[in-house]
Amino acid sequence: MSRPAPRLARYALRGAALAAALGLWQLLTGLDIDLWLRFSQFPTVTDIAHAFADRLTGADYWTDLTDSLTRILSGFLLAAVLGVAGGVLVARSRLAEDLLGPLLEVVRPIPAIALVPVAILLFPSNEQGIVFITFTAAFFPVLVSTRHAVRALTPVWEEALLTMGGGRWRILGSVVLPGSLPGIFGGLSVGIGVSWICVISAEMISGQYGVGYRTWQDYTIVNYPGVFVGMVTIGVLGWLTSTAVELLGRRLTRWLPRTSYVPGARVPRRTHGAPSRTETGPGPKEEVSREQFV
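Residues numbered from 1 in each chain as written. Predicted model: local features only at pLDDT ≥ 70, side-chain atom pairs only at ≥ 80, totals over all residues. Heavy atoms only, no water.

In the annotation of an unreviewed UniProt entry, the protein chain is listed under the name ABC transporter permease subunit and assigned to Streptomyces alkaliphilus. Taken verbatim from the UniProt record of the protein chain, the Subcellular location (unreviewed entry) comment is "Cell membrane". (UniProt positions renumbered as here; feature names shortened; annotations may be inferred.)

Enquirer: Any chance you could explain the pattern of salt bridges here in plain terms?
Expert: A side chain with one charge may pair with a side chain of the opposite charge, provided their charged atoms come close. As enumerated under the stated definition, the model contains eight salt bridges in all. A salt bridge links Glu97 to Arg151; the nearest nitrogen and oxygen atoms lie 3.0 Å apart. You can see Glu97 sitting in helix α4 (residues 94–107) and its partner Arg151 sitting in helix α6 (residues 126–151), a full 54 residues away along the chain. Its salt-bridge partner being Arg147, residue Glu105 comes within 3.1 Å of it at the nearest N-O pair. Taken together, the residues Glu105 in helix α4 and Arg147 in helix α6 connect sequence positions 42 residues apart. For Arg147, a relative accessible area of 11% gives the class buried. (Salt bridge = Lys/Arg side-chain N within 4 Å of Asp/Glu carboxyl O. Helix = DSSP H or I, 4+ residues; strand = E, 2+ residues; numbered from the N terminus. Buried < 20%, exposed > 50% of the residue type's maximum accessible area, 1.4 Å probe, protein only.)

Enquirer: When you look at the packing of helix α3 (residues 59–92) against helix α8 (residues 168–206) in this model, what are you seeing that I'm missing?
Expert: The relative placement of two packed helices is expressed as an angle between their axes plus a distance between the axes. Packing of α3 against α8 leaves a shortest axis separation of 8 Å and a crossing angle of 140°. Put simply, α3 runs oblique to α8. As for how α3 packs across α8, the hand of that crossing is right-handed. When α3 is examined against α8, the residues Ser68, Leu69, Arg71, Ile72, Phe76, Ala80, Val84, Val88 and Arg92 are found in contact with a partner set consisting of Ile171, Leu172, Val176, Leu177, Ile184, Leu188, Gly191, Ile192, Ser195, Trp196, Val199 and Glu203. (Axes fitted to C-alpha atoms, helices over the stretch in contact; angles between N-to-C directions. Parallel < 35°, antiparallel > 145°, perpendicular 65-115°, else oblique. Left-handed = near helix turned anticlockwise from the far one by under 90°. Contact = heavy atoms within 4.5 Å.)

This is the structure in structure tokens:
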């Protein structure tokens, strides 16, 4: 376990870096600096803070927040379930790979935001169309990561379970899914970030409520502090959701070996003339433990 003092120092360093960035922003915009970049067109940090405080007291901000979170969670959870199931199916079945593989590979390079006209024509309401765009954005990263993770599993685990009488469902639940969890959560982390990009873009195009819709409306009426309020809100929401996915992944993969690297730790010094453990070989306890397995 790391000591609390270095951890507090790291948090203090992060806070200081953020404060320095905000201070530089306030300085450049407050002095209307125009060199190569036109900071005079930017609102100051204080203007954005005042706009944020005003927005928090209104009901529209919380309505937009609720709508965006509902859309992102609905589309992402559906993509997580179907993406994992589809990735396992394609990786484990040649028939599924032959039937679904070509179609998925043709549709996968199409940006999800380019499917907005399809969603408008296909679904009877804008709400369903935005959820569809969010689902499409997260589905393919999850499916591809799951497929690669399942194919990368060593066959020794499955063969060992087969020799003990395990069936297909036992292999799936005891070998395939646990062994591919790190790759699956890698795809989920990528998927949640892409989902936020696409849901905000879809709300700007065809939404009625939501953080993206409100940000675009502020831009059309030249309310630049409101635009930055929307950007900050999107960034915070994206950070919170991606952190939740990462923490869930760590919780479900506690059995994985973690890195032994500790930031700021020092390599122990060798005393002069004293050989290291690698030079002298294993100690007495290690020799006894090895002899027990001979």
